[in-house]
There are 2 protein chains.
Amino acid sequence: MASSLHDLDTPAALVDTVRMQRNIDRMQARMDALGVRFRPHVKTTKCLPVAQAQIAAGARGITVSTLKEAERFFAEGVRDILYAVGMAPARLPQALALRRQGCDLKLITDSVAGAQAIAEFGRAQGEVFEVWIEIDVDGHRSGIPPEGAALLDVGRALVEGGMHLGGVMAHAGSSYEHDTPEALRRIAEQERAGTVRAAERLRAAGLPCAVVSVGSTPTALAAEALGGVTEVRAGVYVFFDLVMHNVGVCGTDDIALSVLTTVIGHQEEKGWAIVDAGWMAMSRDRGTQKQRRDFGFGQVCDVSGQPLPGFLLSGANQEHGIVSREDGAPCPDIAQRFPVGTRLRVLPNHACATGAQHPHYLAIQPEGSVLSWPRFQGW
Amino acid sequence: MASSLHDLDTPAALVDTVRMQRNIDRMQARMDALGVRFRPHVKTTKCLPVAQAQIAAGARGITVSTLKEAERFFAEGVRDILYAVGMAPARLPQALALRRQGCDLKLITDSVAGAQAIAEFGRAQGEVFEVWIEIDVDGHRSGIPPEGAALLDVGRALVEGGMHLGGVMAHAGSSYEHDTPEALRRIAEQERAGTVRAAERLRAAGLPCAVVSVGSTPTALAAEALGGVTEVRAGVYVFFDLVMHNVGVCGTDDIALSVLTTVIGHQEEKGWAIVDAGWMAMSRDRGTQKQRRDFGFGQVCDVSGQPLPGFLLSGANQEHGIVSREDGAPCPDIAQRFPVGTRLRVLPNHACATGAQHPHYLAIQPEGSVLSWPRFQGW
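Calculation rules
- Residues numbered from 1 in each chain as written.
- Chains lettered and ligands numbered in written order.
- Predicted model: local features only at pLDDT ≥ 70, side-chain atom pairs only at ≥ 80, totals over all residues.
- Heavy atoms only, no water.
- Buried < 20%, exposed > 50% of the residue type's maximum accessible area, 1.4 Å probe, protein only.
- Helix = DSSP H or I, 4+ residues; strand = E, 2+ residues; numbered from the N terminus.
- Arc of directions from axis to C-beta.
- Contact = heavy atoms within 4.5 Å.
- Domains from an automatic or database assignment.
- Buried area = accessible area lost by both parts, 1.4 Å probe.
- Salt bridge = Lys/Arg side-chain N within 4 Å of Asp/Glu carboxyl O.
- Polar contact = N/O pair within 3.5 Å; in protein donor to acceptor, adjacent residues only side chain to side chain.
- UniProt positions renumbered as here; feature names shortened; annotations may be inferred.
- Least-squares fit on C-alpha atoms with pLDDT ≥ 70 in both.
- Nonpolar A, V, L, I, M, F, W, Y, C, P; charged D, E, K, R; others polar.

## Regarding helix 3 (residues 48-56) of chain B
All names here are of chain B.
Link 1 in the chain: The complete set of buried residues in helix 3 reads V50, A51, A53 and Q54. One face of helix 3 carries all of its buried residues, which in axial projection span an arc of 155°.
Link 2 in the chain: The elements touched by buried residues of helix 3 are helix 2 (17-34), helix 4 (67-75) and strand 17 (370-374).
Link 3 in the chain: Count one or two residues on from helix 3 and you reach G58, which has phi positive near 130°.

Below, the structure written as structure tokens:
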């Protein structure tokens, strides 16, 4: 393995497939034990071999963040797809085309106006869209609060408009802001209870609500019981990253994505090695900046992936990164330690953002060979 | 124009070509008046029609940040190319292939080890590489200080190694940290004087130094005289952005890049409109965070591009953005002001980073039609 990593062009996004498979198996085993279906979010990777590994392990259906993801994965044979971003009316023809081709596409909405737009378009086209209502369990972003008056109005607008009200879904995005097991268990229970409560309110009003879908990587890994929930969604768990390390749901040795880089120069007086992984390769994501440990633009590792304690990617321009000591201490032997041409790997703040900078992953297979796994960009 | 902007898929990266051409003409006229060649940095756009407009206006040669950029632009007929990132020895075969095809590719280095690696490879392959020495004028990143002892050693290693020492180049990246005309003029003069001084030292030692190349968008626009300089480089000036606005070298009405987005929901109690431009469309660049005015993830404008004072993209998840009042004040009429389906435009923090998130720009032509201009990704 080490020899091929010395030959690859840099910068490159490496996937450690042994770690990836372990992450997939860990999550699926948890979901199986909790008695829920698992619907991974493919926005993290936008990469077919990764989704195939998730499905092979037991995932049922996928979650997407764009209709382009839905189109690409449906073309590869994935039928059961949740589009988990509030439906923009102008995109309804694109969703219709997918359903007409046989895609079991589910939409979401959180407003009467949104529900009416879907119903109106569906009726005009003779299409019964399956729609889930987005629930806001933590004030993080979108959705209707579990006790919100609008919940029943939206449900009725869908059903009376002739659409299929398929269920409710929530994403406790605020879980990323916590870093203790207790806090994560609490937010997981809040996500569960709020979403189940919304489902109960719909059912009590005589409305259907078959699916109760929740999830984020931290809550999926923290939940102790999922009574009333039918499925869980999570995305970044497949690779993990330094933000998830700080949240407390993985170790650095679980992080399956790293950026391979080459030393191209030094500023010895400053203790800097200059590498060819800048923000274009790492992304501008500084998600650990406000967490308990700030990893700069990433944790520096040797070429085998072993972290080099105390060395961070402390700065980044477009195609230049600065490797230096975390504590800002001088490092008079920086050029001897990392001569020009040295290969290093950098663990990212946020796997979704770092992956998006690359047209493909280089997937290191268990026996050491390297496969190119394409990922796609855009909308 | 307005009607076609209502039909485009969102999010999308829009280029106002009238503003772009004005930015190109302004910079070229400055360079002509200062009596220097202009070599635009195409890393900002990675887009052929933009580079063609720069060359048509008078640019001579281009600057690139990756060899992929060199390959793509050379394939389209651009011969004179400066690869302005310190040469990694492992990439020398790629550079050789370009030169063998007739590309007038220039490399840079800032160390004896780097110079020796180039010379050794060049001699082994029978190729005389043109190499420029990178000068550090402001402690920003890479390069040899103008008075650094290594300067002459690197020059001799190149010449004695049989390579063509073509000149010196510097990039005063610290100019981005200033925001007054006086400070920008000072850093521009520092960049000029340091680079010219390095050239003089090389020449005094009997070494050739035909080219003296400097530049960054702020210093290029601030320099009052460029005695001794032969060419200037700049990249982001072609689109400008909110960081450059804060630096003080453009107005918001010069910013030629914006992201077109659609309102998909609201959180009325919080005064939020949710839009479909998240960080995937804007990038995670928060370059204005430490500047005199923090624009969040971007300045919100109406669909025609007119800024809506007081409204920012205050938060961003992968495919969700939050539009809210800049001052955090409530906005009880947010849903009436921006109903679901409303089209908005968002000015970016950093045009290089935002463009990189998109596979193409949608270029609005002067008469209102929209062309798709592809850009490329990766290394």
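The structure having been displayed, the exposition proceeds.
## Details of the domain arrangement of chain A
Residue and element names in this part refer to chain A.
Link 1 in the chain: Each assigned domain of chain A is listed with its residue range as follows: domain 1 (5-10 + 250-374) and domain 2 (35-237).
Link 2 in the chain: The centre of domain 1, based on its C-alpha atoms, is set 35 Å off from the matching centre of domain 2.
Link 3 in the chain: Contacts between domain 1 and domain 2 engage seven residues on the former and ten residues on the latter.
Link 4 in the chain: For the pair domain 1 and domain 2, the summed buried surface comes to about 700 Å²; carbon and sulfur atoms form 62% of the total.
Link 5 in the chain: Looking at the side of domain 1 facing domain 2, the largest losses of area belong to C352, Y361 and W373, adding up to 58% of the total buried there.
Link 6 in the chain: At the boundary of domain 1 with domain 2, the tally comes to one salt bridge.
Link 7 in the chain: Inspection of the domain 1/domain 2 interface yields two residue pairs in polar contact (both at pLDDT 80 or more).

## A short note on the UniProt feature "domain: D-serine dehydratase-like" (unreviewed entry) in chain A
Link 1 in the chain: Here, UniProt's "domain: D-serine dehydratase-like" (unreviewed entry) annotation points to residues 256-365 of chain A.
Link 2 in the chain: Across residues 256-365 of chain A one finds 12% helix and 39% strand; the C-alpha atoms that close the span lie 12 Å apart.

## Things to note about the environment of A12 of chain A
Residue and element names in this part refer to chain A.
Link 1 in the chain: In this fold, A12 is placed in strand 1 (residues 12-16).
Link 2 in the chain: Along the primary structure A12 and Q125 are separated by 113 residues, whereas in three dimensions their C-alpha atoms are 46 Å apart.
Link 3 in the chain: Those residues in contact with A12 that sit more than four places away from it in its chain are S258, V259, L260, H358 and L362.

## Considerations on the relation of the copies chain A and chain B
Link 1 in the chain: In the superposition of chain A on chain B (RMSD 0.0 Å, axial shift 0.0 Å), the rotation amounts to 180°. What we have between these two chains is a two-fold relation. The rotation axis passes nearest to the C-alpha of R284 of chain A in chain A, at a distance of 2.5 Å.
Link 2 in the chain: Both copies contact each other with a shared surface, as 100% of the interface residues of chain A are interface residues in chain B too.

## Looking at the interface of chain A and chain B
Link 1 in the chain: Across the contact, 51 residues belong to chain A and 51 residues belong to chain B.
Link 2 in the chain: For chain A, the biggest contributors to the area lost against chain B are R141, Q377 and W379 of chain A; these three give 17% of the whole.
Link 3 in the chain: For the pair chain A and chain B, the interface holds four salt bridges.
Link 4 in the chain: Seen at the junction of chain A and chain B, the total is 26 residue pairs in polar contact (both at pLDDT 80 or more).
Link 5 in the chain: Looking at the side of chain A that touches chain B, the elements with two or more residues in it are strand 10 (257-267), strand 11 (272-275), helix 11 (279-282) and helix 13 (351-355) of chain A.
Link 6 in the chain: By residue number, the principal contributor to the side of chain A that touches chain B is strand 10 of chain A, which donates five residues.
Link 7 in the chain: Residues that form the side of chain A that touches chain B fall into these classes: 18 nonpolar, 21 polar and twelve charged.

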